[in-house]
Amino acid sequence: MFASLLIGLREGLEAALVVGILVAYLKRIGRTDVLPKMWAGIGLAVALALGIGAVLTFGAYSLAPGAQELIGGLLSLFAVAMVTWMIFWMQKAGRTMKATLEGGLDRAIAKGGLWALIAIGFVSVAREGIETTLLLWSMVQSFGSAPAALLGALIGLAIAVVVGWLLARGAVRLDLRRFFAWTGGFLVIVAAGVLAYAIMDLQEAGALPGPFTAAAPVDPATGAVAVGFAAFPFGWAFDLSGAIAPDSTVATILQAIVGFMPRMTWLQVIAWLLYIVIVGTFFLRGLPRRRAAKKADAADSAAAPAQTTARADAASAASSPASALPVTTSEGTA
């Protein structure tokens, strides 16, 4: 429940910020008449996310066991890929998100097309909605506690809507850079766990070699699939089922947060470690350093008066008889 709550909070807040930027910009330029069209696109995005969730939840029961695991594993891999892309996209595009969204709205309004405005709202929200649906579905399939996970996600989404509304009204201030940095690090760990579960599904389906296929090494003493270093690479890396019951609360919490299972294969452990090391390293490198951020803010503050003066000079020059001549300013040639 806690893991799904954080996912719902983060993804919901991303969507709430996007919607808040779009609505505020339309109100600022006096084009509230196009708000219904944009809300229609947002509604379609929400309906798409709910529809995908319904298909994933109720459509798998008619499949054969092997096909169900195969599709579940592939969808979990897709969820991991989408979450990974979103983590780094937020790091890169977070600072220019507002300008990008407002530019897209300007182009849509200039064209005057109904579908262009609907598409702006749809695309802006559908990305977070589909990502949240896939990630939550993969987590539910992994640790099996659907009611608690869905309740946590709904609570997180509700908090995100309230926080987004308060941010838009200026009633609360939130360090979004720090918030997305912490939640992004948490998502890296969650995605690693989903990846480990996807590997298990693919091994159960026979798409990857593992304890369920003929490639599994066998313990000559017991005749069962080997455990430990002797089982490398297609057997069980460890088996703690005797100490931690797979359906216990501890196992569920560990699996939901860090992807730990009481019994894991070598391919699962390797995939989990590689994802944490590789993606985690790039994620940490992409985090803004405090000193660099302070220097950038100081530079922006220092440049603001100069830019204002330059604009004033350019304006006065434009009103003079020599306004036809180019005027060189700190921002270029006007």
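Our subject is the structure that appears above.
Residues numbered from 1 in each chain as written. Predicted model: local features only at pLDDT ≥ 70, side-chain atom pairs only at ≥ 80, totals over all residues. Heavy atoms only, no water.

1. With respect to the overall build of the protein chain
Here is step 1: If you tally the helices and strands in the protein chain, you get 10 helices and 4 strands.
Here is step 2: Listed N to C, the secondary structure of the protein chain is α-α-α-α-α-α-α-β-α-β-α-α-β-β in terms of helices and strands.
Here is step 3: For the protein chain, the residues scored as buried account for 39% of the 334 residues in total.
Here is step 4: Restricting the contact set of the protein chain to residue pairs at least 6 apart, pairs at least 24 apart contribute 72%.
Here is step 5: For the protein chain, the computed accessible surface area is about 18000 Å², with 69% contributed by carbon and sulfur atoms. (Helix = DSSP H or I, 4+ residues; strand = E, 2+ residues; numbered from the N terminus. Buried < 20%, exposed > 50% of the residue type's maximum accessible area, 1.4 Å probe, protein only. Contact = heavy atoms within 4.5 Å. Areas by Shrake-Rupley, 256 points an atom, 1.4 Å probe, with all protein chains shown as cover.)

2. As for helix α8 (residues 249-258)
Here is step 1: Every buried residue belonging to α8 is among Ala251, Gln255 and Ala256, and all of these are buried. Projected down its long axis, α8 carries its buried residues within an arc of 125°, all on one side.
Here is step 2: Two residues or fewer past α8, Gly259 is found with a positive phi of approximately 80°. (Arc of directions from axis to C-beta.)

3. Here's the deal with the packing of aromatic side chains
Two aromatic rings, taken as a pair, are described by how far apart their centres are and by the angle between their planes.
Here is step 1: Under the defined criterion, the tally for this structure stands at 4 aromatic pairs.
Here is step 2: Residues Phe229 and Trp266 carry aromatic rings whose centres are separated by 5.8 Å and whose planes lie at 40° to one another, so their mutual orientation is tilted. Taken as a pair, Phe229 in the loop between α7 (176-204) and β1 (236-239) and Trp266 in helix α9 (residues 266-286) lie far apart in primary sequence, 37 residues in all.
Here is step 3: When its relative accessible area of 75% is taken as the criterion, Phe229 is described as exposed.
Here is step 4: Looking at Trp266, the relative accessible area reads 14%, which means it is buried.
Here is step 5: Relative to Phe260, the ring of Phe238 lies with its centre 5.8 Å away and its plane at 5°, an arrangement referred to as stacked. Of the two residues, Phe238 is situated in strand β1 and Phe260 in the loop between α8 and β2 (263-265); the sequence distance between them amounts to 22 residues.
Here is step 6: Through pairs of rings, three or more aromatic residues link up here, namely Phe229, Phe232 and Trp266. (Phe/Tyr/Trp six-rings, centres within 6.5 Å; stacked < 30°, edge-to-face > 60°.)

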